[in-house]
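Each chain, letter by letter, is given below.
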Amino acid sequence: MATDQNKFQAIISHCKEYGFVFPSSEIYDGLSAVYDYGQYGAQLKKNIRDYWWKSMTQMHENIVGIDAAIFMHPTTWKASGHVDNFSDPMIDNKDSKKRYRVDHLIEAHAETLPAAEGEALLAQMDNLLKENDFAGLKKLIEDKKIKCTVSGTSNWTDVRQFNLMFSTQLGSVTDEASEIYLRPETAQGIFVNFLNVQKTGRMKIPFGIAQTGKAFRNEIVARQFIFRMREFEQMEMQFFIRPGTQKEWYAYWKEERLKWHLSLGVSPEKYRYHDHVKLAHYADAAVDIEYEFPIGFKEVEGIHSRTDFDLKSHQEYSRKKIQYFDTEINQNYVPYVIETSIGLDRMFLLTICNAYEEEDLSKDGKEDSRVVMRFPAKLAPIQLAVFPLTKKDGLPEIARELMDKCKSSFFCFYEEKDAIGKRYRRQDAIGTPFCVTIDHQTKEDNTVTIRYRDSMEQERVPLDKVKEIVLNKINE
Ligand code: ATP
C-alpha cells in the first residue's frame with residue numbers, strides 16, 4: 001500500500017499556484033471539502049466533461065443527453081431509497097467528539113500495516129459491512145486498537161447510521177412539506193424523465209440517457225483534496241435494457257468504460273477493477289474502476305447493474321405506469337438499467353496526477369529541472385502558446401495574426417514578456433502541448449519554431465501549417 005503523500009502535496013500546491021484549484025472562499029479561510037476551479041482548472045474540467053459527453057452521446061446513436069434540475073420533488077428520494085438508506089456507518093470518538101466513517105477509519109489504519117495484514121483487515125471489514133454487523137465493526141476497531149487522530153484515544157461510541165443528504169426549504173413556509181434535498185446523485189433526474197425521453201425521442205431499447213451535473217453529499221470524512229467533496233459533479237449514463245440481458249450489458253459497459261479511460265493515454269497498470277462485496281440496495285452487480293493515485297488505488301467510476309429497482313419504485317410512489325412496450329417480443333415491461341457513474345472532479349484529479357511530472361534536466365554539471373503537466377492535447381486548458389521573440393520589428397503583428405487564425409478552433413495563449421525559455425517553462429507548468437515562436441526568420445521565409453512540450457524538441461515549420469499540426473493532435 002505504497003502511497004506518495006509528498007507527491008500528492010506537491011500536486012495540491014501546483015494546482016493552487018497555477019490557477020487550477022483554489023480552496024472555496026479562501027479569504028475567509030476556506031470551507032471544508034469545497035473547492036473552486038481557477039482559470040486553467042475550469043477549462044480542463046470542461047474539456048474532460050466535453051470529452052465524456054461526446055463519447056457518450058455523439059459517438060453512440062442510441063444515447064441521448066439531458067440536463068435535469070438539482071432540486072427534485074422530495075418523494076423522488078423516498079422512492080430512490082436515499083431517505084432511508086443513504087447513510088454510512090459512523091463512529092464518534094468520545095474524547096475529541098470527532099466523527100469518522102467506519103470504513104475510512106479502518107482503511108486508514110490498514111494503510112499503516114504491512115500489506116498482507118492490511119488486506120486481511122479490509123477483508124474482515126468488508127464481511128462485517130456486508131452483514132450490517134455494527135457491533136462487530138465496533139469490536140474490530142477496538143480489537144485493532146485504532147485511535148482517533150485528534151485525541152489519540154480509542155474511546156469510541158457505538159456505530160450508527162448517518163444520512164448524507166443536504167436538505168433545505170422550498171418557498172417561505174417552514175413546514176415539513178416544503179423540505180427538499182439537494183440531489184446526492186444525478187441518476188434520479190434521468191429515471192424520472194425516462195418516459196419523457198423515450199416517447200419524445202422515439203427511443204428503442206436498448207438505449208441510454210446521459211447527464212452531467214452537480215451533486216451534494218454531506219460527507220463526514222471529507223479529505224484528500226478534491227477526491228472527496230461535499231459539492232461535486234457527476235457524469236452519469238443510465239442504459240435501459242430488456243430484463244434478463246443485464247449480465248451481458250454489465251460486462252459490455254464494464255469493458256467499454258475502461259477503454260474510455262485508456263483512450264486518454266493512461267497506462268493500463270494504473271487501473272484496476274474492484275468488485276463490490278456489499279451491494280447497494282438497488283444493485284445486483286457492481287464494480288469500481290480504480291486508478292492508482294499517489295494516495296493509493298481509489299475509485300474513479302462505478303458501473304452498477306441497477307435492475308428495475310428505480311423505475312419500479314418511481315412507478316409505485318408516483319402511481320404512474322413507467323413501462324416500455326417492446327415490439328420485438330410483443331411485451332410490456334419495466335426496463336432494467338446498467339449505470340455508469342463517474343465523478344468529474346475525480347477524473348480531473350486523475351488527469352492532474354497522471355500528467356504531473358517533476359523532471360530533472362541537469363546536464364554537464366548544470367542543475368536544471370521543470371514541472372511539466374503532460375495532459376493529452378485534447379484536454380489541455382491551453383493548446384497553443386504564441387510567442388513573438390521580441391516586442392518589435394513587426395513580430396507581434398504576425399503572432400496576433402496566427403492567434404486570430406487559430407483561436408476559434410482551440411485555446412490559444414499570447415505572451416511577449418520575458419525570455420523564451422521562461423515562457424516555455426510557464427506553459428509546461430500548465431500543460432500546453434505546443435509553443436510557437438515568431439522570430440526574424442519568419443519575416444523572411446514564413447516559417448516558425450514549434451516546440452513540443454513532452455520532448456522539448458523544436459523544429460521549423462511553415463507558419464500556415466501550425467493550425468493543422470495542432471488540430472491533428474487534438475483530434476487524434
Ligand atoms: P465513495 O465510495 O468514494 O464514497 P460512492 O461509491 O459513494 O463513492 P457513487 O455513489 O457510486 O460513489 O458515485 C459515483 C462516482 O461519483 C464515484 O465513482 C466518484 O467518482 C464520484 N463521487 C462520489 N462521491 C464523491 C465525492 N464526495 N466527491 C467527489 N466525487 C464523488
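Structure first, text after, so check above.
Here the structure is a predicted model, which means the values were calculated and not measured. Throughout this description, residue numbers start from 1 for each chain and increase along the sequence as written. Given that the model is predicted, a residue must reach a pLDDT of at least 70 before its local features are reported, and side-chain atom pairs must reach 80 or more before they are shown or counted; all residues, however, enter totals for whole chains, interfaces and linings. To obtain the side-chain values, all non-hydrogen atoms of the structure were included, while hydrogens and water were left out.

(A) Up close: the state of the cysteines. The definition used for a disulfide is geometric: two cysteine sulfur atoms within 2.5 Å. This structure, assessed with the given rule, holds zero disulfides. The cysteine Cys-353 is free of any disulfide, with Cys-15 supplying the nearest cysteine sulfur at 7.9 Å. Relative accessibility decides the category of a residue: with a 1.4 Å probe and only protein chains considered, values under 20% of the type maximum give buried, values over 50% give exposed, and everything between is partly exposed. Among the residues examined, Cys-353 registers a relative accessible area of 4% and is labelled buried. Left without a disulfide partner, Cys-435 is nearest to the cysteine sulfur of Cys-412, which lies 11 Å away. Owing to a relative accessible area of 1%, Cys-435 belongs among the buried residues under this scheme.

(B) Highlighting the packing of aromatic side chains. Two rings belonging to Phe, Tyr or Trp (six-membered ring only in the last case) form a pair when the distance between their centres is within 6.5 Å. Interplanar angles under 30 degrees mark stacking, angles over 60 mark edge-to-face geometry, and anything in between is tilted. Throughout the structure, instances matching the rule amount to 20 aromatic pairs. Their ring planes at 80 degrees and their centres at 5.6 Å tell us that Tyr-100 and Trp-156 sit as a pair that is edge-to-face. Taken together, the residues span a long stretch of sequence, with Tyr-100 in strand 5 (residues 99-101) and Trp-156 in the loop between helix 7 (134-143) and strand 6 (160-163) at a distance of 56 residues. By the burial criterion, Tyr-100 is buried, and Trp-156 matches it. Geometrically, the ring pair formed by Phe-239 and Trp-249 is tilted, given 4.8 Å between the ring centres and 55 degrees between the ring planes. With a gap of 10 residues between them, Phe-239 in strand 10 (residues 231-241) and Trp-249 in helix 10 (residues 246-262) connect regions that are remote in the sequence. Connected via pairs of aromatic rings, a cluster forms that spans Phe-191, Phe-194, Phe-207 and Phe-240. Positioned above the aromatic ring of Tyr-100 is the side chain of Lys-98, whose terminal nitrogen or guanidinium carbon lies 5.2 Å from the ring centre. The numbering of helices and of strands both runs from the N terminus, where a helix is a DSSP run of H or I of at least 4 residues and a strand a run of E of at least 2. Throughout this description, the term charge over a ring refers to an Arg CZ or Lys NZ atom that lies within 6 Å of the ring centre and within 35 degrees of the ring normal.

(C) Expanded view of the site of the ligand. To be near a molecule or strand, a residue needs just one of its heavy atoms within 4 Å of it. Taken together, 16 residues sit near the ligand, with Glu-219, Arg-228, Met-229, Glu-299 and Val-300 positioned nearest. A distance of 2.9 Å separates an oxygen atom of the ligand from a polar atom in the side chain of Arg-217. Polar contacts, as counted here, are pairs of nitrogen or oxygen atoms within 3.5 Å of one another; within protein the pair requires one atom able to donate a hydrogen and one able to accept it, and residues that are adjacent in sequence qualify only if both atoms are side-chain atoms. Between the ligand and Arg-228 there is a distance of 2.7 Å, counted from an oxygen atom to a side-chain nitrogen or oxygen. Considering the ligand on its own, with 580 Å² of exposed area, one finds that the protein chains cover 87% of that surface. Of all the secondary structure elements, the ones that give two or more residues to the shell around the ligand are strand 10, strand 13 (296-307) and strand 16 (336-343). Grouping the constituent residues of the shell around the ligand by class yields four nonpolar, five polar and seven charged. Methods summary: accessible areas were calculated by the Shrake-Rupley approach with a probe of 1.4 Å, and residue burial reflects only the protein chains presented. Under this grouping Gly is polar, as are all residues other than the nonpolar Ala, Val, Leu, Ile, Met, Phe, Trp, Tyr, Cys and Pro and the charged Asp, Glu, Lys and Arg.

(D) Main features of the environment of Tyr-452. When you line up the elements, Tyr-452 lands in strand 22 (residues 447-452). Each C-alpha atom, one on Tyr-452 and one on Tyr-252, is 37 Å from the other, the two residues being 200 residues apart in sequence. Only heavy atoms matter for contacts: two residues are in contact if any of them lie within 4.5 Å across the pair. Once residues within four sequence positions are removed from consideration, Tyr-452 is found in contact with Pro-433, Phe-434, Glu-457 and Glu-459.

(E) Structural context of unusual backbone geometry. Cis geometry marks the peptide bond from Ile-205 to Pro-206; its omega dihedral reads 5 degrees. With phi around 55 degrees, Arg-319 is a residue other than glycine that occupies positive phi space. Mapped onto the elements of the fold, Arg-319 is located in the loop between helix 11 (309-318) and strand 14 (324-326). With relative accessibility at 76%, the residue Arg-319 sits in the exposed group.

Interpretation in functional terms is not warranted from these geometric data alone.
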